[in-house]
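Given next are the chains, with one letter for each unit.
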Amino acid sequence: MENMEAAKDQSLLLQSIFSHVTDAILIVDKQGYVIELNPAAEKMTGWRKNELVGNHSVCDVCLGMATITNEFSCFNCFASGNCPCPSFELKIRKKDGKEILVTASATRLPEEQSGALVIILRDMSEQYYMVQQRFRMLMTNYVIQAQEEERKRVSRELHDEIGQALYSILVSLKVINHLQLEKGVMDHLIDVQQTTARALDEVKNMAVELRPSALDDLGLLPAIRSYMKRYEQTFGIETDLIVIGDKRRYHSSIETALYRICQEAMTNAAKYADTDKILVEFDSTNSRLKLRVIDYGCGFDTGHFKIRGTGLGLYGMKERANLLGGVVEILSAPGEGTKIEVVIPINEKGEPTRVNSSSDC
Ligand SMILES: Nc1ncnc2c1ncn2[C@@H]1O[C@H](COP(=O)(O)OP(=O)(O)OP(=O)(O)O)[C@@H](O)[C@H]1O
Ligand SMILES: [Mg+2]
């Protein structure tokens, strides 16, 4: 009698576990037909128990196992007993046709206990999404760092190699200039001298545009200041810089990101805003940095705008800020100018507080 009571208690306990676990459980007979499922399986698949049991085979729910080469395949099906690992990834098709990735394990019960297959499924959509996001951020960070490194290298090469070579040519031409030469030769020489001087200026400008040494040597604000000076000369647009808070150095990843965001916002203003004035505001506290680039130009509809270049600039700004745990806000409307605001949280050492991926450019 006591044994019977104990067995009843145990059965109730198992029934309760079956009904309440958050993992979906499907029980499938030897022909592959679903013979039992728990409420979590109903929730995961969208099928009611009475719709599935006896009417559908497991293949109506399962699209196959993920392999290294295929997102899903029926090769080595777990139900055939050939599955090489105890847990695996499955793609499930829900009743509404939506497909989800789940991790699964399958255990065949002994022959004397029906030989049915018990499949346990766990929804991993959220985790997969997180992993994908993390991977995407890691790749973005890697690409941004590689791009900055390459810019630094090319900038140095332009300055130190080509720049120096052109400078030597210019000095040699000046020496020849002092010789007694025929007028025709002298005119030609002056021409070559002017062309070389222009090429030297061009190379220097390109080197600075690629990666201003001021950014590494002097920091963000001096680099922005000298960018603004070059910008005024190039585009004839008046610029103004307002600085609120301390003037200090920040972690190089922050200085690079803010400099590039400022550069892109100002370039966009020069290309599209049709403005004659730009204001840059830099506002720092112990816990965050705020940079604003404001133009007083034509503005644009931030919901529906025509991409007039490659369309990567605004996206790149957001990615850069996001990698440092910051945000970019784009405020604009037709006829009302554009304000780009970026906020990066920092600690007292001037480092990013919430780095979304190891960022060190
Ligand atoms: N300050 C601005 N004033 C007016 N329109 C702007 C301004 N900034 C951006 N836009 C509009 O938004 C679009 C997207 O800008 P974004 O910087 O993302 O790409 P792009 O400048 O077209 O190309 P890329 O930056 O990759 O060279 C631009 O093509 C332009 O139409
Ligand atoms: Mg742009």
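## Considering the overall build of the protein
Link 1 in the chain: Along its length, the protein carries nine helices and eleven strands.
Link 2 in the chain: For a compact globule of 361 residues, the expected C-alpha radius of gyration is about 21 Å, and the protein comes in at 33 Å, more than 25% above that figure.
Link 3 in the chain: Across the 361 residues in the protein, those meeting the buried criterion constitute 38%.
Link 4 in the chain: Sequence-distant contacts, at least 24 apart, represent 57% of the contacts inside the protein between residues at least 6 apart.
Link 5 in the chain: Accessible surface, the protein: about 21,500 Å² in total, of which carbon and sulfur atoms supply 55%.
Link 6 in the chain: The protein carries 42 positive and 50 negative side-chain charges, and their two centres are separated by 2 Å.

## Considering the packing of helix 8 (residues 252-273) against helix 9 (residues 313-323)
Link 1 in the chain: Taken N-terminus to C-terminus, the directions of helix 8 and helix 9 make an angle of 160°; their axes are 10 Å apart at the nearest point. Taken together, helix 8 and helix 9 sit at an angle that is classed as roughly antiparallel. Where helix 8 crosses over helix 9, the handedness of that crossing is left-handed. In this structure, helix 8 uses Thr256, Ala257, Arg260, Ile261, Glu264, Ala265 and Asn268 to contact helix 9, whose residues at the interface are Gly313, Leu314, Met317, Arg320 and Ala321.
Link 2 in the chain: Residue classes in the contact of helix 8 with helix 9 are distributed as six nonpolar, three polar and three charged.

## Looking at the site of ligand 1
Link 1 in the chain: Every one of the 20 residues lining ligand 1 counts as a neighbour, but Tyr272, Lys306, Arg308, Gly309 and Thr310 are closest to it.
Link 2 in the chain: In this structure, Thr310 approaches ligand 1 through a side-chain N or O atom, which is 2.4 Å from an oxygen atom.
Link 3 in the chain: In the model, an oxygen atom of ligand 1 is placed 2.8 Å from a nitrogen or oxygen of the Leu314 main chain.
Link 4 in the chain: Taking 600 Å² as the accessible area of ligand 1 by itself, protein coverage stands at 93%.
Link 5 in the chain: Of the pockets mapped on this structure, ligand 1 occupies the largest pocket.

## So, the sheet that holds strand 7 (residues 238-244)
Backbone hydrogen bonds hold the strands of a sheet together, and the pairing may be parallel or antiparallel.
Link 1 in the chain: A sheet is described by the order of its strands in space; here five strands give the open sequence 7-8-9-11-10, paired in mixed fashion. Pairing within the sheet leaves two strands with one partner each, and these edge strands are strand 7 and strand 10 (327-332). Pairwise comparison of adjacent strand axes, ignoring direction, gives a mean angle of 10° for this sheet.
Link 2 in the chain: In terms of strand pairing, strand 9 (residues 288-295) meets strand 11 (residues 338-345) through eight bridges, oriented antiparallel. Note that in strand 11 the partner of Arg288 across the bridge is Pro345.
Link 3 in the chain: Helix-sheet contacts for helix 7 (residues 220-235) involve strand 7, strand 8 (277-284) and strand 9, and the interaxial angle to strand 7 is about 165°.
Link 4 in the chain: Together, strand 7, strand 8, strand 9 and strand 11 form the strand contacts of helix 8, whose direction differs from that of strand 9 by roughly 10°.

## Notes on the side chain of Ser155
Link 1 in the chain: Locating Ser155 in the fold gives a position in helix 4 (residues 125-177).
Link 2 in the chain: Owing to a relative accessible area of 8%, Ser155 belongs among the buried residues under this scheme.

## Description of the state of the cysteines
Link 1 in the chain: Inspection of every chain in the model, using the stated rule, returns zero disulfides.
Link 2 in the chain: Not engaged in a disulfide, the cysteine Cys74 finds its nearest cysteine sulfur in Cys59; these two sulfurs lie 6.4 Å apart.
Link 3 in the chain: Cys74 gets classed as exposed once you look at its relative accessible area, which sits at 62%.

## Side note on the coordination of the magnesium ion (ligand 2)
Link 1 in the chain: Within the protein, the atoms that donate to the magnesium ion (ligand 2) are Glu264 (OE) and Asn268 (OD1), at distances of 2.0 to 2.2 Å. A residue pair is termed a helical-turn pair when its members lie 3 or 4 positions apart in one helix, as Glu264 and Asn268 do in helix 8 at four residues.
Link 2 in the chain: The class for Asn268 is buried, based on a relative accessible area of 17%.

## Some details on empty space enclosed by the protein
Link 1 in the chain: Across all of its chains, the model carries two cavities of 30 Å³ or more by this definition.
Link 2 in the chain: The computed volume of the second largest cavity comes to approximately 30 Å³.
Link 3 in the chain: Forming the walls of the second largest cavity are Leu26, Val58, Val61, Cys62, Phe78, Leu90, Ile92, Ile119 and Leu121.
Link 4 in the chain: Mapped onto the lining of the second largest cavity, the elements with two or more residues apiece are strand 4 (87-93) and strand 6 (117-123).

## A closer look at the packing of helix 4 against helix 9
Link 1 in the chain: For the pair helix 4 and helix 9, the least separation of the axes is 10 Å and the interaxial angle reads 105°. With respect to their mutual orientation, helix 4 and helix 9 come out roughly perpendicular. Each of Arg136, Met137, Thr140, Asn141, Ile144, Gln147, Glu148 and Arg151 in helix 4 lies in contact with helix 9, whose residues at this interface are Tyr315, Glu319, Arg320, Asn322 and Leu323.
Link 2 in the chain: Class assignment of the residues belonging to the contact of helix 4 with helix 9 gives a composition of four nonpolar, four polar and five charged.

Definitions and limits used
- Residues numbered from 1 in each chain as written.
- Chains lettered and ligands numbered in written order.
- Predicted model: local features only at pLDDT ≥ 70, side-chain atom pairs only at ≥ 80, totals over all residues.
- Heavy atoms only, no water.
- Helix = DSSP H or I, 4+ residues; strand = E, 2+ residues; numbered from the N terminus.
- Rg over C-alpha atoms; globule rule 2.2 N^0.38 Å.
- Buried < 20%, exposed > 50% of the residue type's maximum accessible area, 1.4 Å probe, protein only.
- Contact = heavy atoms within 4.5 Å.
- Areas by Shrake-Rupley, 256 points an atom, 1.4 Å probe, with all protein chains shown as cover.
- Lys, Arg positive; Asp, Glu negative; His and termini not counted.
- Charge placed at Lys NZ, Arg CZ, Asp CG, Glu CD.
- Axes fitted to C-alpha atoms, helices over the stretch in contact; angles between N-to-C directions.
- Parallel < 35°, antiparallel > 145°, perpendicular 65-115°, else oblique.
- Left-handed = near helix turned anticlockwise from the far one by under 90°.
- Nonpolar A, V, L, I, M, F, W, Y, C, P; charged D, E, K, R; others polar.
- Near = heavy atom within 4 Å.
- Polar contact = N/O pair within 3.5 Å; in protein donor to acceptor, adjacent residues only side chain to side chain.
- 1 Å grid on protein atoms, 1.4 Å probe; cavity = no way out; pocket = protein on both sides within 12 Å on 5 of 7 lines; lining within 4 Å.
- Sits in = over half its atoms within 2 Å of the grid points.
- Pairing = 2+ DSSP bridges.
- Disulfide = S-S within 2.5 Å.
- Donors = N, O, S within 2.8 Å, 3.2 Å for Na, K, Ca; no water.
- Points joined across faces, edges and corners; volume = space filled by probe spheres on them.

Shape descriptors only; they carry no functional weight alone.
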